[in-house]
Amino acid sequence: METSNAKKKAYACYQCGVCTGICPMARLTEEFKPRLIVQDFQSNQTEDILKKNSLWLCAACYCCYENCPQMINVTDIIADLKGEAVKYGNVPLKVNEDKCIGCANCEYVCPYGAIKVDVHDSKSKSNPELCISCGSCAAECPAIAIAMQNFADQQMKSAIEKTISSFGKGELRIVSFLCNWSAYAGADSTTSSRSIRVMCTGRIDSLFIYHAFLSGADGVLIGACNRGDCYYASGNINAEKRINKIKKQLGDIGVEPERLRFKWISRSEKQKFADVITDFTEKLKKLGPSPLRKMR
Amino acid sequence: MIVVERKNINDILENLKGFKKILLVGCNGCVGIYQLGGEKQAIELAMLINMGNKLKDKKIDTKAITVIRQCDKQIVKEELGPIITDCDIILSLACGAGVQTVAEVFENIPVIPANDTKFIGAQAREKGTLFEMCIACGNCILDKTGGICPVTRCPKSHLNGPCGGVYKGKCETDKERDCAWLLIYNKLKLSGKLESMKKIASPKDFTKAAHPRKQEV
């Protein structure tokens, strides 16, 4: 029923592209374009979209709906498509039940109740229709049993390596993980900081940070939403806890903990972002290249 | 569940000195659930060890593996047996029981702990803190104290409390710590069993806690 209602509205679309322009997730990746989704939905050629993982990038913020001149509820169209996509086995995350230990850490961090430990077999079960794939569960899972389909572990690791290899000789290698909702929107283009965008800082696994340092980063910056500002409720708080633990470990091993910085930057604080980057670069210049780079 | 704390990484590296191939063994039991010794933590530790060795210009091979329960001889033997041949030393992320089980199964390979085993505890998830709940005294009195253990949660292990040190519901030893006996009083009052507090408990038989203990099952 709902599908047909949404479809009626979709016919009003004249492909102006405001939805894609305003979409915070379309900024993140080229794979996700609400305009094209509506186009395919109009002409009933949804099979391709239904098989793509990028469908799950929609975070249901309703920016497209609010800005659409024709008042087309693109978000609801995508929500319907998500429901369809599950039938094709297209889900935002996959739980490896052989690995899952039923510890419920995922259940505890999920702000949407989209992943729960089943009482019968004590394995995590995800509910794709509630999930908006922020990735906090995957970052928190001690058994590495949760595989995100977007921003997968391997994708993130290659992004880190790519970023680090893009720096020239003698350049300070700062890897910054920026929240797409806040810090990235507030980011200025700076020379010595290549940024990796994430849907939420809650996705940033401790392994990514260690991987960045081991691959030769001089500094790692994490730009998150302010407290209470997180689109995914608590992703930034979880990230901060994780980062503080890593800082302690880095300090113990002999890598200056100042090389890892966690900052709250809202999307309107462009000046703050510039200040943070300048300050961080200054600090790193004083510290010099990372001690871990000597061996490379 | 068993609560552990990671040892200082430098102490771990000191113990690993002179070894070339390390096998890190995580445990998916208690330590896995509390994110202290699961697979991810084992890989993290392997990365940290690599970092530490990089800083000291040394080369070392690390491999991380996780077993369901390290305190089970059968599981340890089956899971680790085939891959144990190409390692010099085992670094166990489990509790003391797990470390000893691995050490017993593999007699000719040194096993060292990555964690300090602390206590039997439970979690207050909102605060992310683990609290000690049981000292395994071998002689449970929770039936008389409304399910709150004074032997563990009262620093003086009073069997007849509270003492004079309680102030505004908190213990004199720590302003943050709730008085266990006040908690017991409130709990018994709610369940209408205050009578049981009037009985004076006789001294506890601590011979039942004399270690090492064993249990036939």
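Peer 1: Any details on the domain arrangement of chain B? Residues and values, ideally.
Peer 2: Examined at the domain level, chain B breaks down into domain 1 (2–119) and domain 2 (135–200). One C-alpha centre belongs to domain 1 of chain B, the other to domain 2 of chain B, and the line joining them spans 38 Å.

Peer 1: Could you give an account of the packing of aromatic side chains, naming the residues involved and the relevant values?
Peer 2: The description of an aromatic ring pair rests on the distance of the ring centres and on the angle between the ring planes. All names here are of chain A. Here the structure, examined in full by the defined rule, presents five aromatic pairs over all chains. Look at Tyr-62 and Tyr-65: their rings are 6.3 Å apart centre to centre, the planes differ by 65°, and that puts the pair in the edge-to-face class. On the accessibility criterion, Tyr-62 (31% relative accessible area) is partly exposed. Look at Tyr-65 and you get partly exposed, because its relative accessible area is 27%. Ring centres 6.3 Å apart and planes at 75° place the aromatic pair Trp-181 and Tyr-232 in the edge-to-face group. On the criterion of sequence distance, the pair formed by Trp-181 in the loop between strand S5 (174–179) and strand S6 (193–198) and Tyr-232 in the loop between strand S7 (219–224) and helix H11 (235–253) is long-range, its members being 51 residues apart. Judged on exposure class, the residue Trp-181 and its partner Tyr-232 are both buried. Here the aromatic residues Trp-181, Tyr-231 and Tyr-232 are joined through ring pairs into a cluster of three or more.

Peer 1: Please provide a residue-by-residue account of H11(A), values included.
Peer 2: Relative to the 27 Å expected for 19 residues at 1.5 Å per residue, H11(A) spans 27 Å between its end C-alpha atoms, a close match to the ideal helical length. Of all the residues in H11(A), the buried ones are Gly235(A), Asn236(A), Asn238(A), Ala239(A), Glu240(A), Arg242(A), Ile243(A), Ile246(A), Gln249(A), Leu250(A) and Ile253(A).

Peer 1: Describe the interface of chain B and chain A, and please don't skip the residues or the numbers.
Peer 2: Quite often, the size of an interface is put as the accessible area lost when its parts meet. Contacts between the two partners involve 25 residues from chain B and, on the opposite side, 30 residues from chain A. When chain B packs against chain A, close to 2,600 Å² is buried across both sides, 61% of that on carbon and sulfur atoms. Applying the counting rule to chain B against chain A returns two salt bridges. A salt bridge links Glu39(B) to Lys99(A), with the nearest nitrogen and oxygen atoms 3.4 Å apart. At the junction of chain B and chain A, the tally comes to 12 residue pairs in polar contact (both at pLDDT 80 or more). For the side of chain B that touches chain A, the secondary structure elements donating two or more residues are helix H1 (9–16), helix H2 (30–33) and helix H3 (39–55) of chain B. Top element by residues in the side of chain B that touches chain A is H3(B). It accounts for 12 residues.

Peer 1: Account for the sheet that holds strand S4 (residues 89–92) of chain B, naming residues and giving values.
Peer 2: Residues and elements named next belong to chain B. Strand order in the open sheet formed by four strands is S3-S2-S4-S5, and the pairing between neighbours is parallel. Of all the strands in the sheet, just strand S3 (61–67) and strand S5 (111–113) have a single pairing partner and so form its edges. Averaged over all pairs of adjacent strands, the angle between strand axes in this sheet comes to 25°, irrespective of strand direction. The sheet contact formed by S4 and S5 spans three bridges and is parallel. Looking across to S5, one finds that Ser-92 is bridged to Pro-113.

Peer 1: Outline the nonpolar core, supporting the account with residue identities and numerical values.
Peer 2: Among the nonpolar cores identified, the biggest contains 86 residues, and Met25(A), Phe177(A), Tyr232(A), Ile49(B) and Leu91(B) are the most heavily contacted of them. Looking at which element gives the most residues to this core, the answer is H3(B), with eight residues. In terms of nonpolar packing, the next biggest core, distinct from the first, is built from 16 residues, Val67(B), Val76(B), Val99(B) and Phe106(B) among them.

Peer 1: Describe helix H7 (residues 180–190) of chain B, and please don't skip the residues or the numbers.
Peer 2: Since the α-helix turns once every 3.6 residues, residues separated by three or four places project in the same direction. All names here are of chain B. Listed in full, the buried residues belonging to H7 are Ala-180, Trp-181, Ile-184 and Leu-188. Projected onto a plane normal to the axis of H7, the buried residues spread over an arc of 90° and lie on a single side. Looking at H7, the residues exposed on the side facing more than 90 degrees away from the buried face are Lys-189 and Leu-190. One or two positions beyond H7, positive phi appears at Gly-192, with a value near 65°.

What counts and what doesn't
- One numbering rule holds for all chains: residues counted from 1, following each sequence as written.
- Both sets of labels track the order of writing: A upward for chains, 1 upward for ligands.
- Per-residue local features are limited, in this predicted model, to residues with pLDDT of at least 70; the limit for side-chain atom pairs, both in listing and counting, is 80 or more; totals at the level of whole chains, interfaces and linings are taken over all residues.
- As a rule here, side-chain values cover all heavy atoms of the structure and leave hydrogens and water aside.
- These domain boundaries are the output of an automatic or database domain assignment.
- By convention, a stacked pair of Phe, Tyr or Trp rings (six-membered ring in the case of Trp) has centres within 6.5 Å and planes under 30 degrees apart, an edge-to-face pair has planes over 60 apart, and any other such pair is tilted.
- Relative accessibility under 20% of the residue-type maximum defines a buried residue, over 50% an exposed one, and the middle range a partly exposed one, all with a 1.4 Å probe and only protein chains included.
- Numbering of helices and strands runs from the N terminus, with a helix taken as a DSSP run of H or I at least four residues long and a strand as a DSSP run of E at least two residues long.
- Expected span of a helix: the number of residues minus one, times 1.5 Å.
- Only heavy atoms enter the contact rule, under which two residues are in contact if any of them lie within 4.5 Å.
- When two components associate, each loses some accessible surface as probed by a 1.4 Å sphere; the sum of these losses over both components is called the buried area.
- What makes a salt bridge here is a side-chain nitrogen of Lys or Arg within 4 Å of a carboxyl oxygen of Asp or Glu, nothing more.
- We define a polar contact as two N or O atoms separated by no more than 3.5 Å, with the added condition that, inside protein, one atom must be a possible hydrogen donor and the other a possible acceptor, whereas residues neighbouring each other in sequence contribute only through side-chain atom pairs.
- By this definition, two strands are paired if DSSP reports at least two bridges between them.
- Fitting a line to C-alpha atoms yields each axis, with helices limited to the stretch in contact; the angle taken between N-to-C directions then spans 0 to 180 degrees.
- Grouping buried Ala, Val, Leu, Ile, Met, Phe, Trp, Tyr and Cys residues that are joined through side-chain atoms within 4.5 Å yields what is termed a nonpolar core.
- Throughout, the arc means the angular range of directions from the helix axis out to the C-beta atoms.

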